[in-house]
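# Breakdown of the fold
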Amino acid sequence: MIAVIVRVLGVVAAFLTLPLIVGQTEHKVMAHMQARLGPMYAGAFHGWAQLIADGVKFVQKEDVTPRAADRPVFRVAPLVALLPYLVALLFIPLGPRDTLVGQPLDVGLFVVLAVVGVGVVAVLMAAWSSANKYSLLGGLRAAAQLLGYELPFVLAAASVAMAAGTLSLSGIVNAWRPWWLLWQLPALVVFFVAGLAEIRRPPFDMPVADSELVFGYLTEYTGLRFAFFLLAEYVGIVVIAALTTVLFLGGWKGPFDAQLGWLWTLLKVFAVSFVIIWLRVAYPRLREDQLQRLCWLVLVPVALAQLVLTAAVRVA
Amino acid sequence: MTSADILLLALGAVAIGAAFRVVRTSHLVRAGLWLVVTLGAVAGVYLVLAAELVAWVQVLLYVGAVVVLLLFAVMLTRAPIGASADLDRPGWAGALVGGGAALGLGALFVDGYRWQKVGLPAPGTAEALGAQLFQHWVLPFEVLSVLLLAALVGAIVVSRPET
């Protein structure tokens, strides 16, 4: 019982710190890529406390609910957006020993995919209950995007599960071999791109395109509730990076992984998060039709071909 | 009464309460959101009964896809905020059918098992379920997949613009 509580506390601590670190990295990395300095003053040393200051600022702001909005739905939506990622973090293995998994589970992969999929409901709730046309349009775009990209996302994950012969996340890491990097490369690319679209990060941020929709389904949100949505986005980055690490990059595998496994996992997660941030700076936003075209005409066929290849190699 | 029993009862109560809200509320979109609660509680019931895979399939497909599609369709067509007055149909017919079916099924179950105790079957892990599905039940499984494929092709044909 105590072990379970300690694990949950550990996951909560990770949940509170990792997104902040990723967020701060995003500030600084984006700034340097654009020949700026980014935050420099908060906390005195290279603006390390900027996000904490932002958090304090969000708490102080007025919590506005529009008069025409559907009050209860509007107020619950940010929590519904945040919760799935917290649950997903519970199941991601950090190191080779079971004590380092939030909760080891036989069907871990399935649980994580199912739970991440629930996030769409929050977007639709926020979009509709805001009673704002921009919000609704953003929500509909998001729903179309998430429903579409869910398919290559799950198919690519299924390919690894087939290769490893298990749905358990630790089992997949145990079965992983370095040459899988080559063999599962198409699935890796599909999974990563679809994952980016799942968390609506640029270049897949059509649902919140500020030049067209103000801020999509987030338009009416202020203060702490808006901060929750932002936090959900950064936890989403951590979850997608962690899933990519565990499924395709060998999780804790590395030199001295019996002792340093958790370090390898964290390093890989941060490396993938860095790529996610990099893509935001490097690529312009995809138009809505390009976005759907990429999903249905490129990612889904590639994922299906990868499934055939995986099955062929497994049977042979 | 074990803690699993209590959990089962609580989840059942949540499922039934939310289902009641689904049919009773006059807020169109809220009905869909209550449906999410119902299906989630049913998934919880599966979990308590050790049918892990089925529970998570329920979350992935019904909460993550079917209800979202439903909400999506409602929002595309007509999704007023607040109560829709024109939804007030007489509920007695539905109540009669729903209550009758529930009572009948309940009576059937109580009559079937009386007070005999039924132990939980082996946990419905992915491995056990896969072995059953692809060894014992492979023919119905394949027939179902052909049916789904036919429905899919049919949907594409129907939705194609005539050229």
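Here the structure is a predicted model, which is why all the values come from computation and not from measurement.

Once that is clear, we can look at the environment of Phe141(B). Residue and element names in this part refer to chain B. Note on placement: phenylalanine 141 falls in helix α6 (residues 138-159). Between the C-alpha atom of phenylalanine 141 and that of valine 29, which follows or precedes it by 112 residues, the distance is 35 Å. In contact with phenylalanine 141, not counting residues within four places along its chain, are Leu133 and Phe134.

Residue and element names in this part refer to chain A. Taken as a whole and assessed by the stated rule, the structure comprises 10 salt bridges over all chains. Between arginine 141 and glutamate 288 there is a salt bridge whose closest N-O contact spans 3.9 Å. Linking arginine 141 in helix α6 (residues 133-164) with glutamate 288 in helix α13 (residues 288-315), this pair joins segments that are 147 residues apart in sequence. Just as arginine 141 is buried, glutamate 288 falls in that class too. One network of salt bridges, with partners in common, ties together Glu26, Arg201, Glu233 and Arg280.

With that out of the way, let us pick up the packing of aromatic side chains. All names here are of chain A. Enumeration according to the criterion identifies 13 aromatic pairs over all chains in this entry. Seen in terms of ring centroids, tyrosine 221 and phenylalanine 229 are 5.0 Å apart; in terms of plane orientation they differ by 70 degrees. Their pairing is edge-to-face. Since its relative accessible area comes to 8%, phenylalanine 229 is described here as buried. Within the aromatic cluster, the residues linked to one another by ring pairs are Phe74, Tyr217, Tyr221 and Phe229. Over the ring of phenylalanine 58 we find lysine 57, and its NZ or CZ is 5.2 Å from the ring centre. Taking the ring centre of tryptophan 176 as reference, the NZ or CZ of lysine 268 above it sits at 5.9 Å.

Okay, the domain arrangement of chain B next. According to the domain assignment, chain B contains domain 1 (3-121) and domain 2 (125-163). Each of domain 1 of chain B and domain 2 of chain B has a C-alpha centre, and these two points are 25 Å apart.

What follows concerns unusual backbone geometry. Residues and elements named next belong to chain A. At the junction of proline 202 and proline 203, the peptide bond is cis and its omega measures out at 5 degrees in the coordinates. With respect to the element layout, proline 203 can be found in the loop between α9 (185-198) and α10 (210-213). In this structure, alanine 35 takes a positive phi of about 55 degrees despite not being glycine. Within the secondary structure, alanine 35 is located in the loop between α1 (2-33) and α2 (50-60). The backbone of arginine 200 shows a phi angle near 55 degrees, a positive value even though the residue is not glycine. Inspection of the secondary structure assignment puts arginine 200 in the loop between α9 and α10.

What counts and how
- Residues numbered from 1 in each chain as written.
- Chains lettered and ligands numbered in written order.
- Predicted model: local features only at pLDDT ≥ 70, side-chain atom pairs only at ≥ 80, totals over all residues.
- Heavy atoms only, no water.
- Helix = DSSP H or I, 4+ residues; strand = E, 2+ residues; numbered from the N terminus.
- Contact = heavy atoms within 4.5 Å.
- Salt bridge = Lys/Arg side-chain N within 4 Å of Asp/Glu carboxyl O.
- Buried < 20%, exposed > 50% of the residue type's maximum accessible area, 1.4 Å probe, protein only.
- Phe/Tyr/Trp six-rings, centres within 6.5 Å; stacked < 30°, edge-to-face > 60°.
- Lys NZ or Arg CZ within 6 Å of the ring centre and 35° of its normal.
- Domains from an automatic or database assignment.

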